[in-house]
Amino acid sequence: MTEGNSGVDQSKPSIARVYDYLLGGKDHYVVDRAVGDTFKHDMPGSVAIAHANRQNLVRAVRELALAGIDQFIDMGSGLPTADNVHQVAQRQVPDARVVYIDSDPIVLAHGRALLEDHAHTRVLQADVRDPQAIREHPDTVELIDFDRPVAVVLSAILHHLNDDEDPRALVRYWQEQVPSGSYFFISHFRSGDNPQTAEAEAVLQSAFGRGRWRSDAEIRALFGDLEILEPGIVPSSLWRPDVASDPLHAGAAEAELTVWEQLIVGGLARKA
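Because the structure is a prediction, the values reported are computed rather than measured. (Residues numbered from 1 in each chain as written. Predicted model: local features only at pLDDT ≥ 70, side-chain atom pairs only at ≥ 80, totals over all residues. Heavy atoms only, no water.)

### Some thoughts on the side chain of H160
And step 1. Note that H160 resides in the loop between β4 (151-155) and α8 (167-177).
And step 2. For H160, a relative accessible area of 3% gives the class buried.
And step 3. What H160 contacts, discounting residues up to four positions off in sequence, is I15, Y19, E165, L204, R210 and G211. (Helix = DSSP H or I, 4+ residues; strand = E, 2+ residues; numbered from the N terminus. Buried < 20%, exposed > 50% of the residue type's maximum accessible area, 1.4 Å probe, protein only. Contact = heavy atoms within 4.5 Å.)

Written out as structure tokens, the structure is:
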């Protein structure tokens, strides 16, 4: 990325840009790489968290599209990479509509450049903690029909909210906005009560001044009374793995995963 990009505070790391760096992208600055390198060099194997989460998202979106869902709201979408939500969904449903939400101005710029010819996709620069503003945004109103089922994607975003920001209330707000038959995909850092968890959480707090790795019970509570579908809330590598593309983890036991792969979990739920 051009280091002189105007309008962006290059002195502070961005969650979206650090993820981009860990996933092998090119849209990051020195300050982002410094955080990413802490994971890469000081915590060998931790980068598997980012990759496991991304592949879990891809599988979940594909299954939703195959089930006929054609509307998606992706909260904290991050920088464009391979197999974005709209690409995965539109392979199955060409007219699938996707609204991406992120607060990083770089995400907005790159997303709009990538999607300028996509009539069914929008990128909004907004704060996920202000769901009403997102819900009432003209692009959301234009693209998403809230009288029909919607998939709300909360991939690796709720763990960046502190407890006093009430991530459960955020899920509940969207649950109240969408009709029966809608879906929620949530992935989240999972506390393992081990040195790796403590070290990684400390890096998160130091770099961004926020973030919580939550217990299994706390993550389950984020879903409220939504119906959690099989296989439940499980390590991302074990969430309906592709036998062809990932034979190692297809049907594998949790004990066979690395400690890092056990620290990111995902789950898909349906509103009855």
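### What about unusual backbone geometry?
With the exception of glycine, the majority of residues adopt a negative phi angle, and the majority of peptide bonds are in the trans configuration.
And step 1. For the bond from E230 to P231, the omega torsion is 5 degrees, close enough to zero to count as cis.
And step 2. Inspection of the secondary structure assignment puts P231 in the loop between β6 (227-228) and β7 (234-235).
And step 3. Positioned with a positive phi, R240 is a non-glycine residue whose angle comes to about 45 degrees.
And step 4. For R240, a relative accessible area of 26% corresponds to the partly exposed category.

### Digging into the packing of aromatic side chains
And step 1. Enumeration according to the criterion identifies three aromatic pairs in this entry.
And step 2. With centroids separated by 6.5 Å and ring planes inclined at 70 degrees, the aromatic side chains of F185 and W239 adopt a geometry described as edge-to-face. With a gap of 54 residues between them, F185 in strand β5 (residues 183-189) and W239 in the loop between β7 and β8 (264-270) connect regions that are remote in the sequence. As far as burial versus exposure is concerned, F185 and W239 are alike and both buried.
And step 3. The aromatic ring of Y21 is capped on one face by K40, whose charged end is 4.0 Å from the ring centroid.
And step 4. The ring centre of F146 lies 3.8 Å from the NZ or CZ of R135, which sits over that ring. (Phe/Tyr/Trp six-rings, centres within 6.5 Å; stacked < 30°, edge-to-face > 60°. Lys NZ or Arg CZ within 6 Å of the ring centre and 35° of its normal.)

### Some points on helix α2 (residues 30-42)
And step 1. Counted at 1.5 Å a residue, the expected span for α2 with its 13 residues is 18 Å, and the 17 Å between its end C-alpha atoms agrees.
And step 2. Along its length, α2 reaches its greatest deviation from straightness, about 30 degrees, at G36.
And step 3. On its buried side, α2 packs onto α1 (15-22) and α9 (195-208). (Expected span 1.5 Å × (residues − 1). Bend = angle between axes of the 7 residues up to and from the residue.)

### Here's the deal with helix α4 (residues 85-92)
And step 1. When α4 is considered as a whole, its buried residues turn out to be V85, H86, V88, A89 and Q90.
And step 2. Contacts made by the buried residues of α4 are with α3 (48-66), β1 (71-75), β2 (97-102), α5 (105-114) and β3 (121-125).

### Remarks on the pattern of salt bridges
A side chain with one charge can pair with a side chain of the opposite charge if their charged atoms come near.
And step 1. All told, the structure shown has 14 salt bridges when counted by the stated rule.
And step 2. Between D242 and R62 there is a salt bridge, with the nearest N and O atoms lying 2.6 Å from each other. Within this pair, whereas D242 is found in the loop between β7 and β8, its partner R62 is found in helix α3, the two being separated by 180 residues in sequence.
And step 3. For D242, a relative accessible area of 22% corresponds to the partly exposed category.
And step 4. With a relative accessible area of 23%, R62 lands in the partly exposed category.
And step 5. With a shortest N-O distance of 2.9 Å, R214 and D163 are connected by a salt bridge. Of this pair, R214 sits in the loop between α9 and α10 (216-222) while D163 sits in the loop between β4 and α8, and the two are 51 residues apart along the sequence.
And step 6. Three or more residues are tied together by salt bridges with common partners; here these are D163, R212, R214 and E218. (Salt bridge = Lys/Arg side-chain N within 4 Å of Asp/Glu carboxyl O.)

### Quick notes on the environment of R210
And step 1. Along the chain, R210 falls in the loop between α9 and α10.
And step 2. Each C-alpha atom of the pair R210 and D163 lies 9.8 Å from the other, and the pair is 47 residues apart in sequence.
And step 3. Beyond its immediate sequence surroundings of up to four residues, R210 is in contact with R129, H160, L161, N162, E165, L204 and Q205.

### A look at the confidence of the model for the chain
And step 1. Confidence along the chain averages 86 in pLDDT terms, with 90% of residues attaining 70 or more.
And step 2. Segment residues 1-6 is flagged for pLDDT under 50; beyond a separation of four residues in sequence, or across chains, it makes 17 contacts in the model. (pLDDT = per-residue confidence, 0-100.)

### As for the pairing of β2
And step 1. In terms of residue burial, β2 counts as a mostly covered element, since five of its six residues are buried.
And step 2. As paired elements, β1 and β2 share five bridges and run parallel to each other. The residue bridging D74 from the neighbouring strand is Y100, located in β2.
And step 3. Where β2 and β3 come together, five bridges link them in parallel fashion. Opposite V99, over in β3, you have R122 as the bridge partner. (Pairing = 2+ DSSP bridges.)

### Here we look at the packing of α2 against α9
And step 1. Two elements in contact, α2 and α9, have axes whose closest approach is 10 Å; the angle formed by their N-to-C orientations is 165 degrees. It follows from the interaxial angle that α2 and α9 lie roughly antiparallel. Seen from above, α2 lies across α9 with right-handed handedness. Here α2 contributes V35, T38, F39 and D42 to the contact with α9, which in turn contributes E199, A200, V203 and A207.
And step 2. Here the contact of α2 with α9 is composed, by residue class, of five nonpolar, one polar and two charged. (Axes fitted to C-alpha atoms, helices over the stretch in contact; angles between N-to-C directions. Parallel < 35°, antiparallel > 145°, perpendicular 65-115°, else oblique. Left-handed = near helix turned anticlockwise from the far one by under 90°. Nonpolar A, V, L, I, M, F, W, Y, C, P; charged D, E, K, R; others polar.)

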